[in-house]
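Chain by chain, the residues:
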Amino acid sequence: MSLVRCPSGHVYNARRYGKICPYCNMKLSEEEKDVKPAGFEPPVELLEEELEPVCGWLVCIEGARVGMDYKIHDGKNFVGRGDDMDVQILGDNTINRRNHAVIVYDRKKRNMVILPGDSSGIAYLNGEAVYVPTELKPYDSIEMGESRFLFLPLCGENFEWTDTKK
């Protein structure tokens with residue numbers, strides 16, 4: 001993991017967020033930037049790393065990160081504030097650090113589902129608490145902590161990444 005410290009003192013994962021601090025949006029200072037020697041080649045693991053295509057998004061429409069989008073990928077997407085979460089939502093400390101909710105894209109059924117997390121926090125779908133797996137529809141409203149998100153699907157009935165390989 002490549003943890004860095006921004007000029008304000010926040011520590012974050014530069015591999016995930018690059019040169020801009022996700023807490024205060026400040027850029028890393030010049031001396032903290034990576035200096036690559038001539039003929040630099042990225043490690044083989046980076047070249048072989050498989051990209052996960054996006055299947056949908058959550059977009060923050062109320063709360064600490066208004067306008068921020070969060071990618072949803074195939075399979076289970078664990079939502080929380082922690083650095084190990086697939087969907088990491090910073091700035092709202094009322095969202096649990098780990099597993100506040102889970103959003104799943106099921107490629108076989110071509111649908112998205114929201115599940116309750118295994119933390120003490122409750123997620124709300126269109127104003128109703130999520131206690132059981134519930135299918136997501138385009139433009140559904142999801143509330144977690146003091147933030148509200150809009151759900152926007154890409155994959156589903158009309159599109160799947162495997163369709164492009166034909």
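Rules behind the numbers
Residues numbered from 1 in each chain as written. Predicted model: local features only at pLDDT ≥ 70, side-chain atom pairs only at ≥ 80, totals over all residues. Heavy atoms only, no water. Pairing = 2+ DSSP bridges. Helix = DSSP H or I, 4+ residues; strand = E, 2+ residues; numbered from the N terminus. pLDDT = per-residue confidence, 0-100. Contact = heavy atoms within 4.5 Å. Salt bridge = Lys/Arg side-chain N within 4 Å of Asp/Glu carboxyl O. Buried < 20%, exposed > 50% of the residue type's maximum accessible area, 1.4 Å probe, protein only.

1. Observations concerning the sheet that holds strand β6 (residues 87-88)
Strand pairs in the sheet, formed through backbone hydrogen bonds, run parallel or antiparallel to each other.
Step number 1: Read from one edge to the other, the open sheet built from five strands follows the order β6-β5-β7-β8-β11, with strand pairing classed as mixed. Of all the strands in the sheet, the pair left with one neighbour each is β6 and β11 (134-135).
Step number 2: Summarising the sheet, strand β8 (residues 111-116) and β11 pair through two bridges and their orientation is antiparallel. Within β11, the position partnered with Val113 by the bridge is Glu135.

2. Digging into the confidence of the model for the protein
Step number 1: Per-residue confidence for the protein gives a mean pLDDT of 86; residues scoring 70 or more make up 84%.
Step number 2: Every residue in residues 31-35 is under pLDDT 50, and counting partners more than four places away or in other chains gives four contacts.

3. What about the pattern of salt bridges?
Step number 1: Here the structure, examined in full by the defined rule, presents five salt bridges.
Step number 2: For Arg107, the salt bridge is made with Asp74, and the minimal N-O distance between the two is 2.5 Å. Placement of Arg107 in the loop between β7 (101-106) and β8 and of Asp74 in the loop between β4 (69-73) and β5 (75-80) is noted, with a sequence separation of 33 residues between them.
Step number 3: Taking relative accessible area as the criterion, Arg107 reaches 42% and is therefore assigned partly exposed.
Step number 4: In this structure, Arg107 engages Glu160 in a salt bridge whose closest nitrogen and oxygen atoms are separated by 3.7 Å. Residue Arg107 is found in the loop between β7 and β8, and its partner Glu160 is found in the segment after β13 (147-153); the two are separated by 53 residues along the sequence.
Step number 5: Residue Glu160 is classed as buried on the basis of its relative accessible area, which comes to 2%.

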